[in-house]
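Report on the structure
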Amino acid sequence: RAGKGAKVIPLMEYLARAGRPHTRGKTIALIYGVGGVQRGKSGFDPVFGELVMGSDTVAAAFRQAIKDKDVRAILFRIDSPGGSYVASDTIWQETVRARKAGKPVIASMGNVAGSGGYFVAMAADKIVAQPGTITGSIGVLGGKMLTTGFWQKLGITWDEVHEGANATFWSGTSDYTPAQWARFQAWLDRIYDDFTSKVAEGRRLPKQRVLEIAKGRIWTGEDAKALGLVDELGGFDVALRLAKQAAGIPEKEEVRLKLFPPRKSLLEVIMERLTGREPHEEEAGMVALRRALELVQPLARRVRMLDPARAPLAMPWP
């Protein structure tokens, strides 16, 4: 199709000829928030076979971008079904701090940005979603899985020693007491009120209007735009254009996208992988571990779906 003079060249040679985009010009920070939202560091969860958006990592990235005098705006790329309320709120706080520091924040949504994935985006100056992005899910879900009947069928009993009226609050072998249930419901109500209030503030919508479109319902990006939950439809390029606009950079001017936290060098990656064992031993061990995880991951994901208490801002997701 390319003609008789066409020649296939390696990808790296093509890159060397074409050049990398966004390597020079005024600086715009690029921060990724990918995977379930959890407290701690971002990374890969081998048990569930999924990426993790760690609040420590993402919050630190925002703080670094705020301190960097060269950064004119922040592009926050999100692909997440949500998770921890505490972790989501930690990241939300940093987006607010960035705006107060004069660093506009543009959120760019990928395949999904629901529940906690929407929570971390809602304070941005502008939110961009694809027409088919799964977003919204402004709600809170919690509970625990009671396993008493399961253990009885297996003929297994549990002996426990408790200290305190709420020692069994998260126990899977004891149901909630009336007092615990009331406390749990109050906790969920507080999170829901906080979530919807921050949506109303960030999106400049009346609280009553937010309550009408919340209730945990999931919207496409196109519907979310009509409801005022996102500003523009499009992908990374649209978000970058809005970031340049917010930073006062002409649309046709080149910009430098600076990744936060910085990408590790090849040497750092190699050093982290060194274990002191022989290569063939490490390879064999990794193969065995990979096969074991392939068997465990489907079961682990199903078990997690039955116990939403640990991630009240997580929407259902395969």
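Remember, it's a predicted structure, so these values are computed and weren't measured experimentally. (Residues numbered from 1 in each chain as written. Predicted model: local features only at pLDDT ≥ 70, side-chain atom pairs only at ≥ 80, totals over all residues. Heavy atoms only, no water.)

All right, on to helix H1 (residues 11–18) then. Within H1, only zero of the eight residues are buried, which leaves it mostly out in the open. Remark: Gly-19 follows H1 within two positions and exhibits a positive phi of approximately 85 degrees. (Buried < 20%, exposed > 50% of the residue type's maximum accessible area, 1.4 Å probe, protein only. Helix = DSSP H or I, 4+ residues; strand = E, 2+ residues; numbered from the N terminus.)

The description of two helices packed together rests on the angle between their axes and the distance between the axes. It is at 9 Å that the axes of helix H2 (residues 55–67) and helix H3 (residues 85–100) come closest, and there the two elements cross at 5 degrees. With respect to their mutual orientation, H2 and H3 come out roughly parallel. Where H2 approaches H3, its residues Ser-55, Val-58, Ala-59, Phe-62, Arg-63 and Ile-66 are matched on the opposing element by Ala-87, Thr-90, Ile-91, Glu-94, Thr-95, Arg-97 and Ala-98. Its residues assigned to classes, the contact of H2 with H3 comprises seven nonpolar, three polar and three charged. (Axes fitted to C-alpha atoms, helices over the stretch in contact; angles between N-to-C directions. Parallel < 35°, antiparallel > 145°, perpendicular 65-115°, else oblique. Contact = heavy atoms within 4.5 Å. Nonpolar A, V, L, I, M, F, W, Y, C, P; charged D, E, K, R; others polar.)

Let us look at the confidence of the model for the protein. Overall, the prediction assigns the protein a mean pLDDT of 88, with 84% of residues at 70 or greater. Low pLDDT, under 50, characterises residues 275–282; the predicted model gives this stretch three contacts beyond four residues in sequence or across chains. (pLDDT = per-residue confidence, 0-100.)

It is worth spelling out the environment of Gln-180 at this point. Structurally, Gln-180 is set in helix H6 (residues 178–203). Once the C-alpha coordinates of Gln-180 and Ala-165 are considered, the two residues, 15 residues apart in sequence, prove to be 8.9 Å apart. In contact with Gln-180, other than residues within four places in its own chain, are Ala-165, Asn-166, Thr-168, Phe-169 and Asp-175. For Gln-180, the side chain forms a polar contact with the side chain of Thr-168, separated by 3.4 Å. (Polar contact = N/O pair within 3.5 Å; in protein donor to acceptor, adjacent residues only side chain to side chain.)

Among all positions of helix H9 (residues 236–246), only Val-238, Ala-239, Leu-240, Leu-242, Ala-243 and Lys-244 are buried. Looking at the packing, one finds that the buried side of H9 touches strand E1 (26–34), strand E5 (71–80), strand E7 (105–114), strand E8 (126–129), strand E11 (232–233) and strand E12 (255–260). Immediately beyond the C-terminal end of H9, within one or two residues, lies Gly-248, with a positive phi of roughly 75 degrees.

Okay, the pattern of salt bridges next. A complete count under the given rule lists 12 salt bridges for this structure. With a shortest N-O distance of 2.7 Å, Arg-17 and Glu-13 are connected by a salt bridge. Of the two residues, Arg-17 and Glu-13 are both situated in helix H1; the distance of four residues between them amounts to about one turn of the helix. Each of the salt bridges in this network shares a partner with another, and the network as a whole consists of Arg-63, Glu-94 and Arg-97. (Salt bridge = Lys/Arg side-chain N within 4 Å of Asp/Glu carboxyl O.)

Our next topic: the side chain of Ser-55. The topology assignment puts Ser-55 in helix H2. Ignoring any residue separated from it by four or fewer positions in sequence, one finds Ser-55 in contact with Gln-38, Arg-39, Gly-40, Ala-87, Thr-90 and Ile-91.

With that settled, the discussion passes to the pairing of E8. Pairing between E7 and E8: three bridges, direction parallel. Counted as the bridge partner of Ser-108 is Val-128 from E8. Examined bridge by bridge, E8 and E11 share two bridges and lie parallel to one another. Among the inter-strand pairings, Ala-129 is bridged to a residue of E11, identified as Leu-233. (Pairing = 2+ DSSP bridges.)

With the exception of glycine, most residues fall at negative phi, and the peptide bonds are largely trans. With an omega dihedral of -10 degrees, the bond running from Phe-260 to Pro-261 counts as a cis peptide bond. One can find Pro-261 in the loop between E12 and helix H10 (266–273). The backbone phi angle of Ser-137 is positive, close to 50 degrees, even though this residue is not glycine. By relative accessible area, which is 6% here, Ser-137 ends up buried. Phi angles above zero are rare outside glycine, and Lys-215 is one such case at about 55 degrees.

If you look at the biggest cluster of nonpolar residues, it comprises 47 residues, and the most contacted ones within it are Ile-74, Phe-76, Tyr-118 and Leu-229. Setting aside anything within four residues of it in sequence, one finds Ile-74 in contact with Ala-29, Ile-31, Phe-62, Ala-65, Ala-98, Lys-103, Pro-104, Val-105 and Ile-106. Core analysis: the second largest hydrophobic core is formed by 16 residues, Leu-30, Leu-75, Ile-106 and Ala-243 among them. (Core = buried A, V, L, I, M, F, W, Y, C linked by side-chain atoms within 4.5 Å.)

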